[in-house]
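Structural features, examined
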Amino acid sequence: MNIVVCIKQVPDTAGGVKFNPDGTLDRASMLAIMNPDDKAGLEAALRIKDATGAKVTVLTMGLPKADVMLREAMAMGADEAILVTDRVLGGADTWATSSTVAAAVKKLDYDLIITGRQAIDGDTAQVGPQIAEHLGLPVISYAEDIKVEGDSVVVKRQYEDRYHMVKAKMPCLITALSELNEPRYMTPGGIFDAYDEKEVTVWGRADLTDLDDANIGLAGSPTKIAKASDKVAKGAGEKVNLDPTESVNYLMEKFREKHII
Ligand SMILES: Cc1cc2nc3c(=O)[nH]c(=O)nc-3n(C[C@H](O)[C@H](O)[C@H](O)COP(=O)(O)OP(=O)(O)OC[C@H]3O[C@@H](n4cnc5c(N)ncnc54)[C@H](O)[C@@H]3O)c2cc1C
(Lines give C-alpha, C1' and ligand atoms only; values in the text may rest on other atoms or scores of the structure.)
Protein backbone atom coordinates (compact mmCIF):
# COMPACT_ATOMS: atom_id res chain seq x y z
CA MET A 1 0.00 0.00 0.00
CA ASN A 2 1.28 3.47 -0.91
CA ILE A 3 0.44 6.55 1.15
CA VAL A 4 1.27 10.09 0.02
CA VAL A 5 1.19 12.74 2.73
CA CYS A 6 1.06 16.38 1.58
CA ILE A 7 2.89 18.53 4.09
CA LYS A 8 3.41 22.29 4.16
CA GLN A 9 6.14 24.34 5.80
CA VAL A 10 4.48 27.21 7.66
CA PRO A 11 5.61 30.06 9.90
CA ASP A 12 5.04 29.21 13.58
CA THR A 13 2.18 31.59 14.35
CA ALA A 14 2.18 30.74 18.08
CA GLY A 15 4.20 33.86 18.96
CA GLY A 16 2.11 36.18 16.77
CA VAL A 17 2.28 37.15 13.11
CA LYS A 18 4.36 39.96 11.61
CA PHE A 19 3.88 41.76 8.30
CA ASN A 20 6.32 43.54 5.99
CA PRO A 21 5.52 47.18 5.12
CA ASP A 22 4.08 46.00 1.77
CA GLY A 23 1.52 43.81 3.57
CA THR A 24 3.15 40.43 2.83
CA LEU A 25 3.98 38.02 5.67
CA ASP A 26 7.35 38.66 7.34
CA ARG A 27 8.32 34.98 7.18
CA ALA A 28 11.94 35.65 8.24
CA SER A 29 10.81 36.81 11.70
CA MET A 30 9.05 33.52 12.46
CA LEU A 31 10.31 29.94 12.84
CA ALA A 32 9.41 27.63 9.94
CA ILE A 33 7.67 24.43 11.14
CA MET A 34 5.75 21.49 9.71
CA ASN A 35 2.06 22.44 9.70
CA PRO A 36 0.52 20.76 12.82
CA ASP A 37 -2.44 19.08 11.03
CA ASP A 38 0.01 17.69 8.44
CA LYS A 39 2.26 16.29 11.17
CA ALA A 40 -0.74 14.43 12.63
CA GLY A 41 -1.55 13.19 9.09
CA LEU A 42 2.04 11.97 8.75
CA GLU A 43 1.85 10.22 12.14
CA ALA A 44 -1.38 8.49 11.05
CA ALA A 45 0.38 7.31 7.88
CA LEU A 46 3.38 6.06 9.89
CA ARG A 47 1.05 4.09 12.21
CA ILE A 48 -0.51 2.44 9.14
CA LYS A 49 3.06 1.73 7.96
CA ASP A 50 3.92 0.17 11.36
CA ALA A 51 0.84 -2.07 11.13
CA THR A 52 0.87 -3.03 7.44
CA GLY A 53 4.30 -2.19 5.99
CA ALA A 54 2.85 0.56 3.79
CA LYS A 55 5.23 2.89 1.96
CA VAL A 56 4.96 6.54 3.03
CA THR A 57 5.96 9.37 0.68
CA VAL A 58 5.87 13.00 1.82
CA LEU A 59 5.40 15.73 -0.76
CA THR A 60 5.52 19.49 -0.54
CA MET A 61 5.40 22.48 -2.85
CA GLY A 62 7.48 25.29 -1.46
CA LEU A 63 10.80 27.04 -1.22
CA PRO A 64 14.11 25.07 -1.30
CA LYS A 65 14.36 25.55 2.50
CA ALA A 66 11.39 23.16 2.88
CA ASP A 67 14.10 20.46 2.50
CA VAL A 68 14.57 20.64 6.30
CA MET A 69 10.92 19.77 6.93
CA LEU A 70 11.08 16.86 4.47
CA ARG A 71 14.19 15.49 6.23
CA GLU A 72 12.32 15.83 9.56
CA ALA A 73 9.50 13.72 8.06
CA MET A 74 12.02 11.09 6.94
CA ALA A 75 13.68 11.13 10.39
CA MET A 76 10.22 10.35 11.81
CA GLY A 77 9.92 7.37 9.44
CA ALA A 78 8.74 8.50 5.99
CA ASP A 79 10.34 6.46 3.19
CA GLU A 80 10.58 9.05 0.43
CA ALA A 81 10.37 12.81 0.09
CA ILE A 82 9.53 15.03 -2.87
CA LEU A 83 10.06 18.78 -3.07
CA VAL A 84 8.23 20.60 -5.84
CA THR A 85 9.95 23.96 -6.23
CA ASP A 86 10.22 26.49 -9.02
CA ARG A 87 10.06 30.28 -9.25
CA VAL A 88 7.09 30.11 -11.61
CA LEU A 89 5.07 28.31 -8.93
CA GLY A 90 5.39 31.19 -6.41
CA GLY A 91 2.46 33.36 -5.33
CA ALA A 92 -0.01 30.52 -5.86
CA ASP A 93 -3.49 30.70 -4.33
CA THR A 94 -5.30 27.52 -3.31
CA TRP A 95 -6.39 26.69 -6.89
CA ALA A 96 -2.85 26.97 -8.28
CA THR A 97 -1.41 25.16 -5.22
CA SER A 98 -3.82 22.24 -5.50
CA SER A 99 -3.41 22.02 -9.31
CA THR A 100 0.36 21.80 -8.88
CA VAL A 101 0.31 19.36 -5.96
CA ALA A 102 -2.21 17.14 -7.79
CA ALA A 103 0.00 17.09 -10.92
CA ALA A 104 2.92 15.95 -8.74
CA VAL A 105 0.85 13.28 -6.94
CA LYS A 106 -0.29 11.92 -10.33
CA LYS A 107 3.31 10.88 -11.02
CA LEU A 108 3.26 8.59 -7.97
CA ASP A 109 1.58 5.31 -7.07
CA TYR A 110 -0.98 5.99 -4.37
CA ASP A 111 -3.77 4.22 -2.53
CA LEU A 112 -4.28 6.87 0.11
CA ILE A 113 -3.50 10.60 0.11
CA ILE A 114 -3.46 12.42 3.43
CA THR A 115 -3.38 16.20 3.81
CA GLY A 116 -3.95 18.36 6.87
CA ARG A 117 -7.36 19.91 7.42
CA GLN A 118 -5.81 23.36 7.10
CA ALA A 119 -2.52 25.20 7.15
CA ILE A 120 -2.03 27.64 10.04
CA ASP A 121 -0.82 30.42 7.71
CA GLY A 122 -3.30 30.38 4.80
CA ASP A 123 -6.04 28.88 7.02
CA THR A 124 -8.36 28.17 4.08
CA ALA A 125 -8.76 24.36 4.44
CA GLN A 126 -9.31 24.25 0.67
CA VAL A 127 -6.20 22.59 -0.72
CA GLY A 128 -6.95 18.99 0.40
CA PRO A 129 -10.49 18.76 -1.08
CA GLN A 130 -9.28 20.57 -4.24
CA ILE A 131 -6.49 18.00 -4.77
CA ALA A 132 -9.12 15.24 -4.47
CA GLU A 133 -11.29 17.01 -7.06
CA HIS A 134 -8.36 17.34 -9.51
CA LEU A 135 -7.63 13.62 -9.12
CA GLY A 136 -11.30 12.56 -9.23
CA LEU A 137 -11.11 10.93 -5.78
CA PRO A 138 -13.56 10.74 -2.89
CA VAL A 139 -12.56 12.93 0.08
CA ILE A 140 -13.18 12.51 3.80
CA SER A 141 -12.34 15.67 5.73
CA TYR A 142 -11.82 16.38 9.47
CA ALA A 143 -10.44 12.93 10.35
CA GLU A 144 -10.19 12.20 14.10
CA ASP A 145 -9.38 8.53 13.60
CA ILE A 146 -8.32 6.48 10.56
CA LYS A 147 -8.48 2.69 10.17
CA VAL A 148 -7.55 0.64 7.12
CA GLU A 149 -9.89 -2.32 6.49
CA GLY A 150 -8.86 -4.33 3.43
CA ASP A 151 -9.19 -2.06 0.40
CA SER A 152 -11.15 0.60 2.33
CA VAL A 153 -10.57 3.23 5.00
CA VAL A 154 -12.91 3.85 7.92
CA VAL A 155 -12.68 7.39 9.24
CA LYS A 156 -14.18 9.02 12.31
CA ARG A 157 -15.08 12.45 10.98
CA GLN A 158 -15.51 15.37 13.38
CA TYR A 159 -18.85 17.07 12.89
CA GLU A 160 -19.83 20.00 15.15
CA ASP A 161 -21.31 18.33 18.28
CA ARG A 162 -21.09 14.74 17.01
CA TYR A 163 -19.09 12.58 14.63
CA HIS A 164 -19.66 10.57 11.46
CA MET A 165 -18.20 7.14 10.72
CA VAL A 166 -17.40 7.17 7.00
CA LYS A 167 -16.10 4.29 4.93
CA ALA A 168 -14.52 4.81 1.50
CA LYS A 169 -12.83 2.54 -0.95
CA MET A 170 -9.24 3.44 -1.79
CA PRO A 171 -7.88 5.36 -3.59
CA CYS A 172 -9.22 8.32 -1.64
CA LEU A 173 -8.05 11.47 0.15
CA ILE A 174 -8.36 12.21 3.86
CA THR A 175 -7.81 15.57 5.58
CA ALA A 176 -6.38 15.14 9.07
CA LEU A 177 -7.00 17.11 12.27
CA SER A 178 -4.15 17.69 14.72
CA GLU A 179 -6.38 16.03 17.39
CA LEU A 180 -5.89 12.76 15.47
CA ASN A 181 -2.86 11.69 17.50
CA GLU A 182 0.37 12.72 19.24
CA PRO A 183 3.08 12.73 16.52
CA ARG A 184 6.23 10.79 17.33
CA TYR A 185 9.63 12.44 17.74
CA MET A 186 12.42 11.98 15.22
CA THR A 187 14.91 9.34 16.32
CA PRO A 188 18.67 10.16 16.41
CA GLY A 189 19.33 7.30 13.95
CA GLY A 190 16.49 8.59 11.79
CA ILE A 191 18.08 12.04 11.67
CA PHE A 192 21.45 10.61 10.56
CA ASP A 193 19.73 8.46 7.91
CA ALA A 194 17.64 11.39 6.70
CA TYR A 195 20.79 13.38 5.97
CA ASP A 196 23.38 10.69 5.14
CA GLU A 197 21.41 7.92 3.46
CA LYS A 198 18.27 9.44 2.02
CA GLU A 199 17.67 11.86 -0.82
CA VAL A 200 15.00 14.47 -1.34
CA THR A 201 13.72 14.23 -4.92
CA VAL A 202 13.40 17.73 -6.37
CA TRP A 203 10.91 18.43 -9.16
CA GLY A 204 10.61 21.69 -11.07
CA ARG A 205 7.92 22.96 -13.43
CA ALA A 206 9.36 20.90 -16.32
CA ASP A 207 8.82 17.64 -14.37
CA LEU A 208 5.08 18.25 -14.10
CA THR A 209 3.87 17.43 -17.58
CA ASP A 210 0.21 17.00 -16.65
CA LEU A 211 -0.17 20.65 -15.65
CA ASP A 212 -1.39 23.66 -17.60
CA ASP A 213 0.56 26.95 -17.40
CA ALA A 214 -2.78 28.68 -16.92
CA ASN A 215 -3.15 26.99 -13.51
CA ILE A 216 0.17 27.75 -11.81
CA GLY A 217 1.79 30.46 -9.71
CA LEU A 218 0.57 34.00 -9.27
CA ALA A 219 -0.53 34.34 -12.90
CA GLY A 220 -2.64 31.17 -12.68
CA SER A 221 -4.32 32.19 -9.40
CA PRO A 222 -7.96 33.31 -9.75
CA THR A 223 -7.63 35.14 -6.40
CA LYS A 224 -4.99 37.72 -5.42
CA ILE A 225 -4.45 39.21 -1.96
CA ALA A 226 -5.20 42.92 -2.41
CA LYS A 227 -4.35 43.98 1.15
CA ALA A 228 -3.28 42.44 4.45
CA SER A 229 -3.36 44.16 7.82
CA ASP A 230 -3.06 43.53 11.55
CA LYS A 231 -6.25 43.04 13.53
CA VAL A 232 -7.81 46.27 14.79
CA ALA A 233 -6.87 46.64 18.47
CA LYS A 234 -9.80 46.19 20.86
CA GLY A 235 -10.95 49.26 22.77
CA ALA A 236 -10.28 49.61 26.50
CA GLY A 237 -12.48 47.40 28.71
CA GLU A 238 -15.00 48.73 31.19
CA LYS A 239 -15.25 47.47 34.76
CA VAL A 240 -18.74 47.42 36.28
CA ASN A 241 -18.80 47.95 40.07
CA LEU A 242 -22.52 48.17 40.80
CA ASP A 243 -24.30 45.73 43.12
CA PRO A 244 -24.80 42.26 41.52
CA THR A 245 -28.37 42.76 40.22
CA GLU A 246 -27.64 46.23 38.85
CA SER A 247 -24.41 44.94 37.26
CA VAL A 248 -26.30 42.16 35.47
CA ASN A 249 -28.97 44.61 34.27
CA TYR A 250 -26.32 47.04 33.08
CA LEU A 251 -24.46 44.29 31.19
CA MET A 252 -27.66 42.93 29.62
CA GLU A 253 -28.54 46.41 28.42
CA LYS A 254 -25.06 46.82 26.87
CA PHE A 255 -25.33 43.40 25.15
CA ARG A 256 -28.74 44.40 23.73
CA GLU A 257 -27.32 47.74 22.53
CA LYS A 258 -24.54 45.90 20.67
CA HIS A 259 -26.98 43.25 19.35
CA ILE A 260 -25.01 40.47 21.09
CA ILE A 261 -28.30 39.13 22.52
C1 LIG B 1 -6.61 34.78 -2.11
C2 LIG B 1 -5.27 34.18 -1.79
C3 LIG B 1 -4.13 34.67 -2.40
C4 LIG B 1 -2.88 34.18 -2.05
N5 LIG B 1 -1.76 34.70 -2.60
C6 LIG B 1 -0.57 34.29 -2.18
C7 LIG B 1 0.60 34.88 -2.64
O8 LIG B 1 0.55 35.80 -3.45
N9 LIG B 1 1.79 34.41 -2.17
C10 LIG B 1 1.85 33.39 -1.26
O11 LIG B 1 2.94 32.99 -0.86
N12 LIG B 1 0.75 32.81 -0.80
C13 LIG B 1 -0.46 33.25 -1.21
N14 LIG B 1 -1.57 32.70 -0.71
C15 LIG B 1 -1.44 31.61 0.24
C16 LIG B 1 -1.41 30.33 -0.52
O17 LIG B 1 -2.42 30.25 -1.46
C18 LIG B 1 -1.71 29.26 0.43
O19 LIG B 1 -0.71 29.23 1.40
C20 LIG B 1 -1.73 27.94 -0.29
O21 LIG B 1 -2.56 28.00 -1.40
C22 LIG B 1 -2.22 26.86 0.59
O23 LIG B 1 -3.44 27.22 1.14
P24 LIG B 1 -3.58 27.17 2.69
O25 LIG B 1 -2.34 27.59 3.33
O26 LIG B 1 -4.83 27.87 3.08
O27 LIG B 1 -3.71 25.62 2.87
P28 LIG B 1 -4.92 24.78 3.38
O29 LIG B 1 -5.92 24.60 2.32
O30 LIG B 1 -5.39 25.29 4.70
O31 LIG B 1 -4.09 23.43 3.56
C32 LIG B 1 -4.72 22.17 3.68
C33 LIG B 1 -3.70 21.12 3.51
O34 LIG B 1 -3.27 21.07 2.16
C35 LIG B 1 -1.90 20.69 2.11
N36 LIG B 1 -1.10 21.75 1.50
C37 LIG B 1 -1.36 23.08 1.43
N38 LIG B 1 -0.38 23.74 0.78
C39 LIG B 1 0.52 22.80 0.44
C40 LIG B 1 1.77 22.83 -0.23
N41 LIG B 1 2.27 23.97 -0.68
N42 LIG B 1 2.44 21.67 -0.41
C43 LIG B 1 1.94 20.50 0.04
N44 LIG B 1 0.76 20.40 0.69
C45 LIG B 1 0.08 21.53 0.89
C46 LIG B 1 -1.45 20.46 3.53
O47 LIG B 1 -1.61 19.12 3.85
C48 LIG B 1 -2.44 21.31 4.33
O49 LIG B 1 -2.64 20.91 5.65
C50 LIG B 1 -2.80 33.16 -1.07
C51 LIG B 1 -3.97 32.65 -0.50
C52 LIG B 1 -5.19 33.16 -0.85
C53 LIG B 1 -6.44 32.59 -0.20
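Our subject is the structure that appears above.
Below, the structure is looked at part by part. (Residues numbered from 1 in each chain as written. Predicted model: local features only at pLDDT ≥ 70, side-chain atom pairs only at ≥ 80, totals over all residues. Heavy atoms only, no water.)

1. Regarding the packing of aromatic side chains
Filter applied, for reference: Here the aromatic set is Phe, Tyr and Trp, taking the six-membered ring for Trp, and pairing holds for ring centres within 6.5 Å; pairs whose planes are under 30 degrees apart are stacked, those over 60 apart are edge-to-face, and all others are tilted. Remark: a charge is flagged as sitting over a ring if the NZ atom of Lys or the CZ atom of Arg is within 6 Å of the ring centre and within 35 degrees of the ring normal.
The full count for this structure, using the stated rule, is zero aromatic pairs. Its end group placed over the ring of Tyr163, Lys156 keeps NZ or CZ at 4.4 Å from the ring centre.

2. A few points about the sheet that holds strand β7 (residues 139-149)
For the record, the criterion: For two strands to pair, DSSP has to find at least two bridges joining them. Numbering of helices and strands runs from the N terminus, with a helix taken as a DSSP run of H or I at least four residues long and a strand as a DSSP run of E at least two residues long. The axes are straight lines fitted to the C-alpha atoms, using for helices just the contacting stretch, and the angles between their N-to-C directions are given from 0 to 180°. Only heavy atoms enter the contact rule, under which two residues are in contact if any of them lie within 4.5 Å.
Here we have nine strands laid out as an open sheet, ordered β9-β8-β7-β10-β6-β1-β4-β5-β11, and mixed in their pairing. With one partner strand each, in any of the chains shown, β9 (162-169) and β11 (200-203) form the two edges of the open sheet. Between one strand axis and the next, the sheet turns by 30° as a mean value, whatever way the strands run. As defined by bridge partners, β7 adjoins strand β8 (residues 152-159) across six bridges and the pair is classed as antiparallel. Bridged to Ile146 within β8 is Val155. The strands touched by helix α2 (residues 67-76) are β4 (55-61), β5 (80-84) and β11; relative to β5, the strand with the most contacts, the crossing angle is about 165°. Running at roughly 175° to strand β10 (residues 172-176), helix α4 (residues 127-135) makes contact with β1 (2-6), β6 (112-116), β7 and β10 of the sheet.

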